[in-house]
Amino acid sequence: MVKSLKLLFFLLLLGPGYSFAQTNRVTGKVTGPDNQGLPGVNIQVSGTTTGTSTDVSGNFSLNAASNASLVFSNIGYVSQTIPVNGRSVINVQMAENQKTLSEVVVVGYGTQRKTDVTGALTAISTKEFAQQPVTRLDQVLQGRAAGVQVTQTNGAPGGDARIRIRGANSVLGNNNPLYIVDGFVGADFNFVNPNDIETIQILKDAASTSIYGSRGANGVVIITTKKGARGLKVNYEGQYGISENIKRYDVLPAGEFAEIVNARATATGSNLPFTADQIAQFRQNGGTDWQSLVFRTGTGQQHQVTLSGGGEKTTFLISGNYLNQNGIVNNSGFKRYILRTNLNTQINNDLSFRINLWGTRSQNHNTLDGGAIVQALAWAPTTPAYGSDGQPTFTDPIGSVFRNPLDFLYDQSIDANRSSINLNGGLNYKLPIKGFSVDLQYAVNYLNAQNLNFTGKRLSNNVPNASRYSSEQITLQNTNTLNYDLKVGDHSINAVAVLETQQFTDRNFNASASGLRFPQLGYNNIGGNTAATVSSGYQKWTLLSLLGRVNYSYKDKYLLTAAVRRDGSSKFSEANRHSVFPSLALGWRLSEEEFIKNLGVFSNLKLRGSWGMTGSQAINPYATLSTYGTTNVAFNNSAATAGVILGNPGNPDLKWETTRQVDVGLEMEFWNGRLRIEADYFKKNTTDLLLNVAIPSYAGGGTQYRNVGEIENKGFEFSIGGTPIDKGGIRWETNLNFSTLQNRVISLGNLPRLGTGTGVGAGMSTTNEFMLMPGEPLGSYWGLRYLGTFKPNEADLAARFGRVPGDPHYEDLNGDNTITTDDFQIIGRAFPKATGGWNNTVSYKGLTLNVFFNGVFGVDKLNYTRAAALSGSGDARQFILSEIRDYYRPGNETSDIPAFTRTYQPFTQSSRFLESGSFVRLKNVSLSYNVPNSFLRNKANIRVFVSATNLLTFTDYKGPDPESARVGSGTDTAIGIDYGSYPNSKTYTFGLNLGF
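How each quantity is defined
- The written sequence of each chain sets the order in which its residues are numbered from 1.
- Residue-level local features of this predicted model are given only where pLDDT is at least 70; pairs of side-chain atoms are given and counted only at 80 or more, and the full residue set underlies all totals for whole chains, interfaces and linings.
- To get the side-chain values, take all heavy atoms of the structure and skip hydrogens and water.
- For the purposes of this entry, the term helix denotes a DSSP run of H or I that reaches at least four residues, the term strand denotes a run of E that reaches at least two, and both are numbered from the N terminus.
- Our radius of gyration looks at C-alpha atoms and nothing else; its globule reference is 2.2 Å times the residue count to the power 0.38.
- Whether a residue is buried, partly exposed or exposed follows from its accessible area with a 1.4 Å probe, protein chains only, as a fraction of its type maximum: under 20%, in between, or over 50%, in that order.
- Each accessible area value is a Shrake-Rupley result obtained with a 1.4 Å probe; residue values ignore everything except the protein chains displayed when judging cover.
- Note that His is not counted, nor are the chain ends; the positive residues are Lys and Arg, and the negative ones are Asp and Glu.
- A single reference atom marks each charge: NZ on Lys, CZ on Arg, CG on Asp, CD on Glu.
- Two strands qualify as a pair provided that DSSP identifies no fewer than 2 bridges between them.
- Here, axes are lines fitted to C-alpha atoms. For helices the fit covers the stretch in contact, and angles between N-to-C directions go from 0 to 180 degrees.
- Any angle from 65 to 115 degrees is called roughly perpendicular, while one under 35 is roughly parallel, one over 145 is roughly antiparallel, and all others are oblique.
- Any two residues whose heavy atoms approach within 4.5 Å are treated as being in contact.
- All residues other than Ala, Val, Leu, Ile, Met, Phe, Trp, Tyr, Cys, Pro, Asp, Glu, Lys and Arg, Gly among them, are scored as polar; the first ten of these are nonpolar and the last four charged.
- Whenever a carboxyl oxygen of Asp or Glu lies within 4 Å of a side-chain nitrogen of Lys or Arg, that contact is scored as a salt bridge.
- Two aromatic rings, drawn from Phe, Tyr or Trp (for Trp, its six-membered ring), form a pair once their centres lie within 6.5 Å of each other, and the interplanar angle then sorts them: stacked below 30 degrees, edge-to-face above 60, tilted otherwise.
- A helix's residues, less one, multiplied by 1.5 Å, set its expected span.
- Polar contact is the term for a pair of N or O atoms within 3.5 Å; when the atoms are in protein, one must be able to donate a hydrogen and the other to accept it, and sequence-neighboring residues count only if both atoms are side-chain atoms.
- Take the buried Ala, Val, Leu, Ile, Met, Phe, Trp, Tyr and Cys residues and link them wherever side-chain atoms come within 4.5 Å; each set so joined is a nonpolar core.
- The quantity known as pLDDT measures the predictor's confidence residue by residue, on a range of 0 to 100.

Peer 1: Is there a simple way to explain the overall build of the chain in this structure?
Peer 2: When helices and strands are counted, the chain shows 12 helices and 52 strands. Computed over C-alpha atoms, the radius of gyration of the chain comes to 32 Å, within 12% of the 30 Å expected from 2.2 N^0.38 for 996 residues, which places it in the range of a compact globule. By its C-alpha atoms, the chain is 105 × 70 × 65 Å across when sized along the principal axes. Residue burial in the chain is summarised as follows: out of 996 residues, 53% are buried. Of the roughly 42,000 Å² of accessible surface on the chain, 56% is carried by carbon and sulfur atoms. Mean positive and mean negative side-chain charge positions of the chain (87 and 75 charges, respectively) differ by 7 Å.

As structure tokens, this is what we get:
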């Protein structure tokens, strides 16, 4: 091992200068404004092809003539040319160039100077999250870009996240943005390793996203991964984290719980469940803390090794990442493996070749179900966790009617495994015609998804069952791009034309069985059973696209961008298969006007405006066709015969959902970029909204997809950033963003309203929990208005409803003295009105402190978890939460917590359990230290860090986490319900970064 390390160090020292042996050996170090070494700085011997780049510590070594000059350059820094003058050691400190830090950004099918961009685009630098222990892309995006809302709805490791750019446009479709990774359209953000990211660009307005046509309505996130550089570099980063609950519900101790149960029994004329001696024993010895049995201290570790290098023409990067997280809920966890290779070669001056290959394997275990969390607040603390046989207690005589919380942890397995491989390669050739170049790219993505479920004897009432779902998805993409650049005098034109094709195929198979004869084998052997069902499926769609864009600039101050894309999708019938999505954007760089320059205030001032159209294919590939189903029918008392019946009717007239968006923006920079301000106003309307409309029974029944309705999203976005302090070795960089959003349904066609539900509140919801209505936003809660309890002076009013003082009082909308679904109304809104984030990085010498806040405002959450534990009805028969101490009784008639009466009838689907979900969260605090390079004799660099995630949460929400919810990211019509949702955790992380 020691010999191998010595050999590695020898190669590292030898590699950078091996091919450049000339007259004199020149070594040195390149540092930045903070005196820390700068990696990746290019050093070129002026007038030659000889050059090298600095290692991770900023050190370099090369051979150069004594009378030569060295050119030092790096993106974001002012280039310097320094004569050698016979020296053997040259140290250089580079100054940041604020204008070039964001000079070139990636846009759809190309790049553009940031100053020339006419659309609403946000670039996220890797510096903004470099100090934070992020493991997924959603953690990178959260709180860092105005208009981008990221909600970690499932706090489990590898859990679901809802990402929305400027609201939600579709009812049926997925409102997630489109992800582009190294040119591959439609990538899965869960398979992106943040440590591999070089740049992130978020396209928000239609002028930016219309280039992606039928899939750009929800915004676009463009990710470029890291590439290799000359020389040889090896980097290792390791992290270890400890996680715990942010907060737990405050429940009654066993003795007090027993007293409350007896008090309720006395008030309702029932037998007392507990004797005085039992209560005394519970007070002395305590009871079962179910939350402690369900939750634990979670742990996690992440390791990454990156090897990069190359010569003048060919560079490579290889990275391997391993993530293993044990969740804060027992027997839950997530594992992920990622291997990535990027290869780039310049074959000659005109021809270059690239190839990217990455593979991912992820494994989720028991991270989706909330049964254990719900039952931990339903089982009585007076019931022991285990019986005399050592097994979990089977039934609860006092509390829940369901199984033991431990059974939900250990008598079932819910596994989701994903394996993906993506191969993406391309050629770029500069044509003999000046200004023209062509780029050819081919990509194939393979995904194998496995959903594996098993329920044992205890949870299934001695009928163990299991299921296996397997899906194989293949996506093929070909992108052919023709670029043209022309600059004549004050005129500059960049044009791009693209022909792109994409094909998606999915083959799936599902098998489920009950009455397993060998349940100990779980889902690995479902052949031995008493009943089984088997099904399979297939779907395929193709997309053919033609697009073009022209960027025009006059004197670098008058800007115009025009784009158009024509998509043809196999999802639609021939008459509606094609659609065109145009856009137009204008920009005026006022800072280039003399009357602005003379003010001496702005280093950049730009006014921009845009209009454009994008679309959505929010239907399955065969929605235009009528479906058929299978059934079994018995004729003349004979055995059942398999048959075919007509299913839902198709609609050949279906067409794209279309979103039209206008945007007006202002960008300002002061003091050469020391202070940056950007503001936008946007409004977008989605028409031809796709809805699933019920067909009357006389017309055949069922449902049918139709284009009806309209949704509107509008709001303001504001961001401010800069460097308030950069003096005496102290540097403070800060970025603050805030955005508002007003989402509302404009029309549902001829429908006055349309109910949508989740199914998570089974037994507590009497009808759909959400209602789509014109004038109201998506995610509007549908329920009863809770008016508190009937007070003593309202005895006559209570009697009309068959109630007594102390019973719950709900608003009777129609005045019929009966509470029914006719009294339901909009009681709250799950769509946030505003979001924001504030990121701060302070550095001094080798120390760096990062403090990051994010917040969500103007949002409601329906807390069914609290409702189940505080209703004393249904599946949870008793009151568990400590809030019940304040229940209505003589001497406490002002309480709005209902009394114990025989006429007590609660409705959980009401404003009583609707709470504010707004919060401000200290998302991250990190402190890192770069060990002086002299510690390892300038042959390596070391960075150690400690970080706390979700350290503080400021909220009025009574649950453990205002961010998590039981409903996933696939819908925006039914969101925000907390019913046993897996909460986000507070995590402390320790890490080490070692580079050679």
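Peer 1: What exactly am I supposed to notice about the sheet that holds strand E6 (residues 80-83) here?
Peer 2: Hydrogen bonds along the backbone pair up the strands of a sheet, which may run parallel or antiparallel. One open sheet holds the 4 strands; their spatial order is E3-E2-E5-E6, and the pairing between them is antiparallel. The open sheet has two free edges, formed respectively by strand E3 (51-53) and E6, since each of these has just one partner strand. Here the strands of the sheet are splayed against their neighbours by 20° on average, with no regard to which way each runs.

Peer 1: I would appreciate a short explanation of the packing of helix H5 (residues 254-268) against helix H6 (residues 276-285) in the present structure.
Peer 2: When two helices pack together, their arrangement is captured by the angle between the axes and the distance separating the axes. Where H5 meets H6, the closest approach of the two axes is 7 Å, and the angle between their N-to-C directions is 150°. One finds that H5 runs roughly antiparallel with respect to H6. Listed contacts from H6 to Ala254, Gly255, Glu256, Ala258, Glu259 and Asn262 of H5 are Ile279, Phe282 and Arg283. Classifying every residue of the contact of H5 with H6 gives 4 nonpolar, 2 polar and 3 charged.

Peer 1: Would you mind going over the sheet that holds strand E1 (residues 24-31) with me for this structure?
Peer 2: The strand order across the open sheet built from 3 strands is E4-E1-E7, with neighbouring strands paired in mixed fashion. Since the sheet does not close on itself, it has two edges, and those belong to strand E4 (59-64) and strand E7 (92-93), each with one partner. In this structure, E1 lies alongside E7, joined through 2 bridges in parallel fashion. Its bridge partner lying in E7, Val30 is registered against Val92.

Peer 1: Quick question: what am I supposed to make of the pattern of salt bridges here?
Peer 2: Inspection of every chain in the model, using the stated rule, returns 39 salt bridges. Arg458 is the partner of Asp407 in a salt bridge, and the nearest nitrogen-oxygen pair spans 2.6 Å. Highlighted residues: Asp407 in helix H9 (residues 405-410) and Arg458 in the loop between strand E23 (436-455) and strand E24 (465-488), separated in sequence by 51 residues. Both residues of the pair, Asp407 and Arg458, count as buried. The salt bridge involving Arg608 is made with Glu667; its shortest N-O contact spans 2.8 Å.

Peer 1: Hey, could you run me through the packing of aromatic side chains in this one?
Peer 2: Inspection of every chain in the model, using the stated rule, returns 24 aromatic pairs. Centroid distance Tyr554 to Tyr558: 6.1 Å. Interplanar angle 15°. Geometry classified as stacked. Judged by its relative accessible area of 27%, Tyr554 is partly exposed. Both rings, one in Tyr887 and one in Phe900, keep their centres 4.1 Å apart while their planes meet at 25°; by these two values the pair is stacked. With Tyr887 in the loop between helix H12 (864-870) and strand E48 (914-916) and Phe900 in the loop between H12 and E48, this pair connects stretches of sequence that are 13 residues apart. Under the relative-accessibility criterion, Tyr887 is labelled buried at 12%. Through successive ring pairs, a cluster of aromatic residues spans Phe879, Tyr887, Phe900 and Tyr904.

Peer 1: Help me understand the environment of Phe852 in this model?
Peer 2: Following the sequence through the fold, Phe852 ends up in strand E46 (residues 847-857). Under the relative-accessibility criterion, Phe852 is labelled buried at 1%. For Phe852 and Val925, which are 73 residues apart along the polypeptide, the C-alpha to C-alpha distance reads 6.5 Å. Those residues in contact with Phe852, other than ones at most four positions away along the chain, are Gln132, Gln142, Gly143, Arg144, Trp838, Asn839, Arg921, Leu922, Lys923 and Asn924.

Peer 1: Just checking my understanding: could you explain H5 for this structure?
Peer 2: Each full turn of the α-helix corresponds to 3.6 residues, which orients residues three or four apart in the same direction. If you check H5, its first and last C-alpha atoms are 21 Å apart, about what 15 residues at 1.5 Å a residue would give, namely 21 Å. Here H5 has its buried residues at Ala254, Gly255, Phe257, Ala258, Ile260, Val261, Asn262, Arg264 and Ala265. Buried residues in H5 make contact with H6. Backbone geometry just after H5 places Gly269 at a positive phi near 75°.

Peer 1: How do you make sense of the side chain of Gln239 when you look at a structure like this?
Peer 2: Turning to its location among the elements, Gln239 is positioned in strand E17 (residues 231-245). Overall, Gln239 belongs to the buried group, its relative accessible area being 9%. Only 2.9 Å separates the side chain of Gln239 from the side chain of Glu237, close enough to count as a polar contact.

Peer 1: Looking at this structure, I do not really get the nonpolar core. What am I missing?
Peer 2: In a soluble, globular protein the nonpolar side chains are often hidden away together inside. With 53 residues, the main nonpolar core has Leu778, Tyr781, Ile884 and Ile977 as its most contacted residues. Taken together, the elements giving at least two residues each to this core come down to H5, H6, strand E34 (690-694), strand E40 (770-772) and H12. Every residue in contact with Leu778, bar those within four places of it in the chain, is listed here: Ala168, Ser170, Val171, Ile711, Asn743, Val745, Leu772, Phe831, Asp972 and Thr973. Counting residues in each nonpolar core, the second largest holds 25 residues, with Leu141, Val181, Val192 and Trp358 among its members.

Peer 1: Looking at this model, I keep getting lost on the confidence of the model for the chain. Mind explaining?
Peer 2: For any part of a model where pLDDT is low, the fine detail of the predicted coordinates should not be relied upon. Averaged over all residues, the pLDDT of the chain equals 91, while 96% of them reach at least 70. Confidence drops under a pLDDT of 50 for residues 1-22, and excluding neighbours within four residues, the segment shows 20 contacts in the predicted structure.

Peer 1: Sorry, what's going on with the side chain of Ser352 here?
Peer 2: Among the secondary structure elements, Ser352 is positioned in strand E21 (residues 351-365). Dropping the residues within four chain positions of it, Ser352 is found in contact with Thr345, Gln346, Ile347, Gly426, Leu427 and Asn428.

Peer 1: Help me understand the pairing of strand E9 (residues 110-113), please; the structure alone is not making it clear to me.
Peer 2: Where a strand is regular, its side chains alternate between the two sheet faces. Two strands pair when backbone bridges link them, and strand E8 (residues 104-107) and E9 are joined in this way by 4 bridges, in the antiparallel orientation. The residue bridging Val105 from the neighbouring strand is Gln112, located in E9. The turn joining E8 and E9, which pair antiparallel and follow one another in sequence, is formed by 2 residues; a positive phi near 60° is taken by Tyr109.

Peer 1: Explanation requested: the environment of Thr835 in the structure shown.
Peer 2: Note that Thr835 resides in strand E45 (residues 834-844). Spatially, the C-alpha atom of Thr835 lies 40 Å from that of Thr288, the residues being 547 residues apart in sequence. Among residues more than four places away in sequence, those in contact with Thr835 are Val148, Gln149, Asn737, Phe738, Ser739, Gly855, Val856 and Phe857.

Peer 1: Looking at this model, I keep getting lost on the pairing of strand E20 (residues 333-346). Mind explaining?
Peer 2: Note that strand E19 (residues 314-326) and E20 share 13 bridges and pair antiparallel. Bridging from a neighbouring strand, Tyr322 pairs with Tyr337 of E20. Taking the residues that link successive antiparallel strands as the turn, the E19-E20 hairpin has 6 residues, and the phi of Asn331 there is positive, at about 60°. Bridge analysis of E20 against E21 gives 14 bridges, and the strand direction is antiparallel. Directly across from Arg340, in E21, lies its bridge partner Trp358.

Peer 1: Quick question: what am I supposed to make of the environment of Asp350 here?
Peer 2: Looking at where Asp350 falls in the secondary structure, it is placed in the loop between E20 and E21. When the C-alpha positions of Asp350 and Ser981 are compared, they lie 56 Å apart, and in sequence the two are 631 residues distant. Look past the residues within four positions of Asp350 in its chain and what remains in contact with it is Asn428, Tyr429 and Lys430.

Peer 1: I'm lost on unusual backbone geometry in this one. Help?
Peer 2: Most peptide bonds take the trans form, and the phi angle of most residues other than glycine is negative. In this structure, Asp688 is a non-glycine residue whose phi angle is positive, near 55°. Position of Asp688 relative to the elements: it lies in the loop between strand E33 (675-687) and E34. Assessed through its relative accessible area of 25%, Asp688 is described here as partly exposed. With a phi angle near 55°, Lys845 is a residue other than glycine that sits in the positive phi range. Structurally, Lys845 is set in the loop between E45 and E46.

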